[in-house]
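As a plain string of letters, each chain reads:
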Amino acid sequence: MRLVLLGAPGAGKGTQAKKLIEKYGIPQISTGDLLRAAVGEGTPLGVEAKSYMDKGELVPDSVVLGMVEERLRQDDCKDGYILDGFPRNTAQAEALDGMLENLGMPLDAALSVDVPTEDLMKRLTGRRTCKDCGQMYNIHFSAPASEGACDKCGGELYQRDDDREETISKRLEVYEEQTAPLIDYYSGKGILKSVSGAGDIEEIFANVQETLGLS
Ligand code: AP5
Ligand code: MG
Ligand code: ZN
């Protein structure tokens with residue numbers, strides 16, 4: 001399965017991608033995760049990216065495109081990949097098409113995960129992530145058994161720097177302006193599918209699999 005996951009910040013792209021990895025072993029390529037890793041390592045790319053991420057703006061295409069291509073060339077992507085949070089604008093989508101054509105691994109589908117805008121703020125301000133294993137929680141919807149610690153591995157939970165209300169509002173604005181047009185872009189190519197991202201995570205996952213023809 002060669003897939004792009006589309007959806008607003010907080011729609012559940014990461015949550016559903018992790019379930020697809022667990023069940024099908026398809027690697028997830030999250031540009032947000034790759035950028036946050038670079039920020040954490042303090043690389044020059046990370047330092048540059050952080051200034052945009054903290055404002056809720058998109059990191060320049062030149063930074064992201066190189067990173068994605070390098071990742072797609074790795075062996076584990078030969079049998080499929082899930083792009084999460086990429087592409088983010090039409091220029092990235094066009095560049096991706098060129099890249100995938102060269103690599104001989106074109107997309108099967110772009111799946112849009114749709115959630116009402118009014119639900120997103122609560123999901124994002126409530127998100128907590130395990131430092132050690134990456135498991136995601138939400139203090140409003142799926143709280144860990146003991147506050148601040150991961151149920152799976154006991155690791156410390158942290159809140160993302162860009163999950164502050166002001167930055168979230170900017171990210172939602174940027175999504176509407178720059179990323180939402182990709183729904184038409186992929187619809188025009190005949191590979192758009194969509195699924196509701198509201199409700200129970202397991203039910204959404206069942207719909208995701210059905211929509212993608214995996215079950
Ligand atoms: P990125 O990391 O991609 O963030 P995002 O798009 O804003 O999306 P999120 O990761 O916040 O949301 P998600 O859909 O993954 O939701 P999740 O599953 O975590 O990007 C961050 C920044 O990096 C950007 O602002 C930009 O600066 C930069 N960047 C990244 N990619 C870029 C690119 N290609 N080009 C340029 N810049 C780029 O779920 C959210 C919360 O909701 C969790 O707590 C979860 O537990 C909960 N939840 C999930 N599903 C449900 C449900 N069904 N019911 C209740 N709660 C739920
Ligand atoms: Mg995510
Ligand atoms: Zn953990």
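Just above, that's the structure.
Residues numbered from 1 in each chain as written. Chains lettered and ligands numbered in written order. Predicted model: local features only at pLDDT ≥ 70, side-chain atom pairs only at ≥ 80, totals over all residues. Heavy atoms only, no water.

> Which residues make up the nonpolar core, and what values go with them?
Within the largest apolar cluster, 28 residues are counted, with the highest numbers of intra-cluster contacts made by Val4, Leu72, Tyr81, Leu83, Leu96, Leu107 and Tyr186. Counting only elements with at least two residues in this core, the list comes to strand E1 (2-6), helix H3 (44-53), helix H4 (61-72), strand E3 (81-84), helix H5 (90-103) and helix H8 (181-188). With six residues, H4 is the largest single contributor of residues to this core. In this structure Leu96 touches Val4, Leu72, Leu83, Phe86, Pro87, Leu107 and Tyr186, once residues within four positions along its chain are discounted. Of all hydrophobic cores here, the second largest spans 23 residues; its members include Leu111, Val115, Leu124 and Tyr175. (Core = buried A, V, L, I, M, F, W, Y, C linked by side-chain atoms within 4.5 Å. Buried < 20%, exposed > 50% of the residue type's maximum accessible area, 1.4 Å probe, protein only. Helix = DSSP H or I, 4+ residues; strand = E, 2+ residues; numbered from the N terminus. Contact = heavy atoms within 4.5 Å.)

> Break down the pattern of salt bridges for me, with residues and values.
For the structure on display, the rule yields 15 salt bridges. Residues Asp54 and Lys50 are paired through a salt bridge, measuring 2.8 Å at the closest nitrogen-oxygen approach. Judged by its relative accessible area of 29%, Asp54 falls in the partly exposed class. Judged by relative accessible area, Lys50 falls into the partly exposed class, the value being 31%. Residue Asp161 pairs with Lys50 through a salt bridge whose shortest N-O separation is 3.5 Å. Linking Asp161 in the loop between strand E7 (157-158) and helix H7 (165-179) with Lys50 in helix H3, this pair joins segments that are 111 residues apart in sequence. The network of salt bridges with common partners includes Arg127, Arg160, Asp162, Asp163 and Arg171. (Salt bridge = Lys/Arg side-chain N within 4 Å of Asp/Glu carboxyl O.)

Geometric values such as these leave the question of function open.
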